[in-house]
Amino acid sequence: MPHNTSLFERLDCDASTQVCSKTSVAAHLGKMLSTRAGSVQTLPDYGLPDLNDMRLSLHESLSQSRVLIERFIRAYEPRLANVRVRVLPRVGESLTLAFAIEAALMVGGVMQPVVFHARLADAGRVEVCVDGL
């Protein structure tokens, strides 16, 4: 059994199932992307800058955010491979940032494509959900 899941996740469900693996990664991504840069003393490069506080043009801010998120996930979520982050079109809530995180996830010894949707919520918290669940 893989040991890259929490004890409670291993007790709650079989970590090799596709749904459990995806929800575990989504939960970890939500915690990662909600962590601000500089808040983890032992890992100075862990975290993201406040995505609401960028002082660039909208296009430059979105491009920079996309690149930062992609690098961060590649560095700190080893269960995902071939990570690609896309900015989602802004509909309805014009001030909300949303991203699609496309990657490959090892499930039961097989690499499977997975898509997560991340949305910047209130107070700088990032909500991540699995596409299709």
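Each remark here, short or long, concerns the structure printed above.
Computed from a prediction, not measured in an experiment: that's the story for all the values here.

Colleague: Any chance you could explain the pairing of strand β4 (residues 126-130) here in plain terms?
Modeller: A regular strand carries its side chains on alternate faces of the sheet. In β4, alternate side chains face the same way, and those of Val126, Val128 and Val130 are buried while those of Glu127 and Cys129 on the opposite face are not. Here 5 bridges tie strand β3 (residues 110-120) to β4, and the two strands are oriented antiparallel to one another. Opposite alanine 118, over in β4, you have valine 128 as the bridge partner. Following β3, the chain reverses through 5 residues before pairing antiparallel with β4; alanine 123 in that reversal takes a positive phi of roughly 60°.

Colleague: What should I look at first to understand the environment of serine 63 in this one?
Modeller: Summarising the element assignment, serine 63 is placed in helix α3 (residues 58-76). In this structure serine 63 comes out as partly exposed when scored by relative accessible area, which is 29%. Sequence separation between serine 63 and valine 87 is 24 residues; the distance between their C-alpha atoms is 8.0 Å.

Colleague: Even after reading the chapter, I still don't get the sheet that holds β4, so can you show me in this structure?
Modeller: The pairing of strands in a sheet happens through backbone hydrogen bonds and is either parallel or antiparallel. Spatially, β1-β2-β3-β4 is the arrangement adopted by the 4 strands of the open sheet, whose pairing is antiparallel. Edge positions in the open sheet fall to β1 (80-87) and β4, since each of these has one partner strand only. Strand-to-strand, the axes of this sheet are offset by a mean angle of 25°, without reference to chain direction.

Criteria and cut-off values
- Residues numbered from 1 in each chain as written.
- Predicted model: local features only at pLDDT ≥ 70, side-chain atom pairs only at ≥ 80, totals over all residues.
- Heavy atoms only, no water.
- Buried < 20%, exposed > 50% of the residue type's maximum accessible area, 1.4 Å probe, protein only.
- Helix = DSSP H or I, 4+ residues; strand = E, 2+ residues; numbered from the N terminus.
- Pairing = 2+ DSSP bridges.
- Axes fitted to C-alpha atoms, helices over the stretch in contact; angles between N-to-C directions.

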